[in-house]
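Descriptive analysis of the structure
Below are the chains, spelled out letter by letter.
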Amino acid sequence: MKLTTYELVLCALCAAVTCVLAPISVPLAGEVPISLATFAVLLSGILLGAKYGAISQLVYVLLGSVGVPVFAGWTGGIGITLGVTGGYIIGYIPMAFIAGLLYHRFGREASGTRKYIVMFVSMVLATAVLYILGTAWFMAQTGMTLGASLAACVIPFLPGDLIKIVAVMLVSVPIEAALKRTAPVSQGAA
């Protein structure tokens, strides 16, 4: 797989946005904090598509895993990646992939309401996959039951994740239009 300079720049920019937003977090009583990471991950998938959105988040996960303090609460290191929240962190890669795949395949070229419905459904399904991966990892790490894990890792995050999805819908369409205007002629859309 060979990336053009334009694609590399877009991947790096989305990884950088995640690196800036993900550390901004609010700790909760449990192990999993509320952060802006999922906003950045979903935005990456919607703007870049499946492959490049996933690459941007792979870069983010690798940076954090080697110790750059880009995870929630300005933490980093392989211990965080392999710890109780590691399933969510690693889950950002398929989250961006799924959001990008579904939106780019079924809604990106649509107009009006259909575009927004596909975008919304794509992000909800991507978030569901993140919840499944992260919660399964959390359960394996902590030995907590499914009910207790859902209460700690999913239910408190539903309202905030819905707000983040709506926020991505609001900001992504104008950014997407700007990216189409600035894309190299031979490249087309990212």
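If you're wondering where the values come from, they're calculated on a predicted model, not measured in any experiment.

**Quick look at the packing of helix H5 (residues 112–142) against helix H7 (residues 158–182)**
Where H5 meets H7, the axes come as close as 10 Å, and the angle between the chain directions of the two elements is 135 degrees. Put simply, H5 runs oblique to H7. Crossing geometry of H5 relative to H7 is assigned as right-handed. Contacts between H5 and H7 pair Lys115, Tyr116, Met119, Phe120, Met123, Val124, Thr127 and Tyr131 from the former with Leu158, Asp161, Leu162, Ile165, Val168, Met169, Ser172, Val173 and Glu176 from the latter. Of the residues that constitute the contact of H5 with H7, the class distribution is 12 nonpolar, 2 polar and 3 charged.

**Some remarks on the side chain of Ser149**
Looking at where Ser149 falls in the secondary structure, it is placed in helix H6 (residues 146–153). Relative accessible area serves as the criterion here: at 0%, Ser149 is assigned to the buried category. Within polar-contact distance, the side chain of Ser149 engages the backbone oxygen of Thr145 at 2.9 Å. Among all residues touching Ser149, those that are not within four sequence positions of it are Thr135, Phe138, Met139, Met144 and Val154.

**Side note on helix H1 (residues 5–21)**
Spanning 17 residues, H1 covers 24 Å between terminal C-alpha atoms, matching the ideal 24 Å at 1.5 Å per step. Among the residues making up H1, those that are buried are Tyr6, Glu7, Leu10, Cys11, Cys14, Ala15, Thr18, Cys19 and Leu21. The secondary structure elements touched by the buried residues of H1 are helix H2 (37–65) and H7.

**Topic: the state of the cysteines**
The final tally for this structure, using the stated rule, is 0 disulfides. Sulfur of Cys11: no disulfide; nearest cysteine sulfur belongs to Cys14 and is 7.4 Å away. Note on Cys19: no disulfide assigned, nearest cysteine sulfur contributed by Cys14 at a separation of 11 Å.

**Some words on the side chain of Ser35**
The residue Ser35 is located in strand S2 (residues 34–35) in this model. Separated by 3.1 Å, the side chain of Ser35 and the backbone nitrogen of Ala37 make a polar contact. If we ignore the near neighbours within four places in the chain, the residues touching Ser35 are Ala22, Ile24, Ser25, Ala72, Tyr92 and Lys164.

**Focus on the packing of H2 against H7**
Following both chains from N to C, one finds H2 and H7 inclined at 35 degrees, their axes separated by 9 Å at the closest point. For the pair H2 and H7, the sense of crossing is right-handed. Residues Thr38, Phe39, Leu42, Leu43, Ile46 and Leu47 of H2 lie in contact with H7, whose contacting residues are Asp161, Lys164, Ile165, Ala167, Val168, Val171, Ser172, Ile175, Glu176 and Leu179.

**Observations regarding the environment of Ala12**
Here Ala12 lies in helix H1. Among the residues examined, Ala12 registers a relative accessible area of 45% and is labelled partly exposed.

**Considering H2**
Working note: α-helix, 3.6 residues per turn, so residues spaced by three or four point in the same direction. Along its 29 residues, H2 runs just 15 Å from first to last C-alpha, ending more than 12% under the 42 Å computed at 1.5 Å per residue. The sharpest bend along H2 reaches about 135 degrees and sits at Gly49. Counting buried residues along H2, 24 of its 29 residues qualify, which places the element largely inside the surrounding structure. One or two positions beyond H2, positive phi appears at Gly67, with a value near 115 degrees.

**So, a nonpolar patch on the surface**
Judged by side-chain polarity, Ile117, Phe120, Val121, Val124, Leu125, Leu162, Val166, Leu170, Val171 and Ile175 come together as a nonpolar surface patch covering roughly 790 Å² of accessible area. For the nonpolar patch, the secondary-structure elements that each account for two or more residues are H5 and H7. Within the secondary structure, Leu125 sits in helix H5. Under the relative-accessibility criterion, Leu125 is labelled partly exposed at 43%.

**Some details on the packing of aromatic side chains**
One pass over the full model with this rule turns up 2 aromatic pairs. Arranged with centres 5.6 Å apart and planes meeting at 75 degrees, the rings of Tyr60 and Phe71 form a pair that is edge-to-face. Taken together, the positions of Tyr60 in helix H2 and Phe71 in the loop between H2 and helix H3 (78–81) put the pair 11 residues apart, joining distant regions of the chain. By relative accessible area, which is 1% here, Phe71 ends up buried. On the basis of an interplanar angle of 40 degrees and a centroid distance of 6.1 Å, the ring pair of Tyr60 and Tyr92 is categorised as tilted. Of the two residues, Tyr60 is situated in helix H2 and Tyr92 in helix H4 (residues 86–106); the sequence distance between them amounts to 32 residues. The exposure class of Tyr60 is buried, given its relative accessible area of 1%. Residue class for Tyr92 comes out buried when judged on its relative accessible area of 9%. Connected via pairs of aromatic rings, a cluster forms that spans Tyr60, Phe71 and Tyr92.

Calculation rules
- Residues numbered from 1 in each chain as written.
- Predicted model: local features only at pLDDT ≥ 70, side-chain atom pairs only at ≥ 80, totals over all residues.
- Heavy atoms only, no water.
- Axes fitted to C-alpha atoms, helices over the stretch in contact; angles between N-to-C directions.
- Helix = DSSP H or I, 4+ residues; strand = E, 2+ residues; numbered from the N terminus.
- Parallel < 35°, antiparallel > 145°, perpendicular 65-115°, else oblique.
- Left-handed = near helix turned anticlockwise from the far one by under 90°.
- Contact = heavy atoms within 4.5 Å.
- Nonpolar A, V, L, I, M, F, W, Y, C, P; charged D, E, K, R; others polar.
- Buried < 20%, exposed > 50% of the residue type's maximum accessible area, 1.4 Å probe, protein only.
- Polar contact = N/O pair within 3.5 Å; in protein donor to acceptor, adjacent residues only side chain to side chain.
- Expected span 1.5 Å × (residues − 1).
- Disulfide = S-S within 2.5 Å.
- Bend = angle between axes of the 7 residues up to and from the residue.
- Patch = residues over 30% accessible without salt bridge, like charges linked within 9 Å, V, L, I, M, F, W, Y side chains within 5 Å.
- Areas by Shrake-Rupley, 256 points an atom, 1.4 Å probe, with all protein chains shown as cover.
- Salt bridge = Lys/Arg side-chain N within 4 Å of Asp/Glu carboxyl O.
- Phe/Tyr/Trp six-rings, centres within 6.5 Å; stacked < 30°, edge-to-face > 60°.

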